[in-house]
Amino acid sequence: MKRTNAATLILLALIGGVAGGLVEAALAASGRPIVLPPLTLGIALLAIGVMVVVLALPIRRLTRGKASQPIDPFYSTRVLVLSKASALGGSLIAGFGAGVLVYLLSRSVVPGFGSVAQAVVTLVGAAGLLAGGLIAESMCTIPPDDDDDDESGRTVRVRP
């Protein structure tokens, strides 16, 4: 599996930002109440980001040679997929939170502090989820090993 590309994260954040701004503008134009993400969303996203990093700690110990017991390969695969999904999802939600924040601050009547705080907490929580996913993904990588190459510099392949 390839590492998460920065361009993909930026593209997802832009998509989320545009979607967040357009949803808010469409709701306001139709006379409906706008969507304000609750404070608990940002807190939950940040907590999930921390949990993803904690789940990757045993894999980090194993890849660095500090673990005493082997780890189930399915566990490490699941943690790696979870970390990648957290990075992608965190980027998308951070973009959405930024879109909502830009919409709130661009209105002619500035909303109350509570509305802006809710958008900021969502943005910070999603950024924490993004960071946790990227950190966990880097913790799951195996360091390069020089034993795979012989003296001639060619890759040694084993035939079944």
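Residues numbered from 1 in each chain as written. Predicted model: local features only at pLDDT ≥ 70, side-chain atom pairs only at ≥ 80, totals over all residues. Heavy atoms only, no water.

1. Quick notes on the overall build of the chain
Moving on, step 1. Across its full length, the chain holds 4 helices and 0 strands.
Moving on, step 2. Going from the N terminus to the C terminus, the chain shows its helices and strands as α-α-α-α.
Moving on, step 3. For 160 residues, the compact-globule estimate of 2.2 N^0.38 gives 15 Å, and the chain exceeds it by more than 25% at 21 Å.
Moving on, step 4. Counting only C-alpha atoms, the chain reaches 70 × 30 × 25 Å along its principal axes.
Moving on, step 5. Residues counted as buried form 30% of the 160 residues belonging to the chain.
Moving on, step 6. A fraction of 79% describes how many contacts in the chain between residues 6 or more apart in sequence connect residues 24 or more apart.
Moving on, step 7. Surface summary for the chain: the accessible area is close to 10200 Å², and the carbon and sulfur share equals 68%.
Moving on, step 8. Within the chain, the 10 negative side-chain charges are centred at a point lying 12 Å from the centre of the 13 positive side-chain charges. (Helix = DSSP H or I, 4+ residues; strand = E, 2+ residues; numbered from the N terminus. Rg over C-alpha atoms; globule rule 2.2 N^0.38 Å. Buried < 20%, exposed > 50% of the residue type's maximum accessible area, 1.4 Å probe, protein only. Contact = heavy atoms within 4.5 Å. Areas by Shrake-Rupley, 256 points an atom, 1.4 Å probe, with all protein chains shown as cover. Lys, Arg positive; Asp, Glu negative; His and termini not counted. Charge placed at Lys NZ, Arg CZ, Asp CG, Glu CD.)

2. So, helix α2 (residues 39-63)
Count 3.6 residues to each turn of an α-helix, and residues three or four apart come out pointing the same way.
Moving on, step 1. Between its first and last C-alpha atoms α2 spans 37 Å; for 25 residues at 1.5 Å apiece the expected length is 36 Å, and the two agree.
Moving on, step 2. At L57, α2 shows its strongest bend, of approximately 35°, with the proline P58 following within four residues.
Moving on, step 3. Every buried residue of α2 is accounted for by G42, L45, G49, V52, A56, I59 and T63.
Moving on, step 4. In this structure, the buried side of α2 is in contact with α3 (73-106) and α4 (113-139).
Moving on, step 5. At the exit of α2 stands G65, carrying a positive phi of roughly 80°. (Expected span 1.5 Å × (residues − 1). Bend = angle between axes of the 7 residues up to and from the residue.)

3. Considering the confidence of the model for the chain
Moving on, step 1. Averaged over all residues, the pLDDT of the chain equals 87, while 90% of them reach at least 70.
Moving on, step 2. Mean pLDDT in the chain bottoms out at α4, which sits at 93, and peaks at helix α1 (residues 6-29), which reaches 95. (pLDDT = per-residue confidence, 0-100.)

4. Some points on α1
Moving on, step 1. The terminal C-alpha atoms of α1 lie 34 Å apart, and with 24 residues this matches the ideal 34 Å at 1.5 Å per residue to within 8%.
Moving on, step 2. Taken residue by residue, α1 has L9, G16, G17, G20, G21, E24 and L27 as its buried positions.
Moving on, step 3. Its buried side turned inward, α1 meets α3 and α4.
Moving on, step 4. Two residues or fewer past α1, G31 is found with a positive phi of approximately 85°.

5. Describing the environment of A94
Moving on, step 1. Structurally, the position occupied by A94 is in helix α3.
Moving on, step 2. Taking the C-alpha atoms as reference points, A94 and L12, separated by 82 residues in sequence, lie 9.1 Å from one another.
Moving on, step 3. Apart from residues lying up to four places away in sequence, A94 is in contact with L123, A126 and A127.

6. Brief notes about the nonpolar core
Moving on, step 1. Counting 7 residues, the largest nonpolar core consists of V52, A56, I59, V79, A136, M139 and C140.
Moving on, step 2. Put simply, the parts of the chain that give this core at least two residues each are α2 and α4.
Moving on, step 3. Ranked by residues supplied to this core, first place goes to α2 with 3 residues.
Moving on, step 4. Excluding residues that lie within four positions of it along the chain, A56 makes contacts with V79, A136, M139 and C140.
Moving on, step 5. Among the nonpolar cores identified, the runner-up in size contains 6 residues, and V100, L104, V116 and A119 belong to it. (Core = buried A, V, L, I, M, F, W, Y, C linked by side-chain atoms within 4.5 Å.)

7. Quick look at the packing of α2 against α3
Moving on, step 1. Where α2 meets α3, the axes come as close as 10 Å, and the angle between the chain directions of the two elements is 155°. Relative to α3, α2 is oriented roughly antiparallel. Seen from above, α2 lies across α3 with left-handed handedness. Contacts from L45, V52, L55, A56, P58 and I59 of α2 reach α3 at Y75, S76, V79, L82, S83, S86 and I93.
Moving on, step 2. Each residue belonging to the contact of α2 with α3 can be placed in one class, and the counts come to 10 nonpolar, 3 polar and no charged. (Axes fitted to C-alpha atoms, helices over the stretch in contact; angles between N-to-C directions. Parallel < 35°, antiparallel > 145°, perpendicular 65-115°, else oblique. Left-handed = near helix turned anticlockwise from the far one by under 90°. Nonpolar A, V, L, I, M, F, W, Y, C, P; charged D, E, K, R; others polar.)

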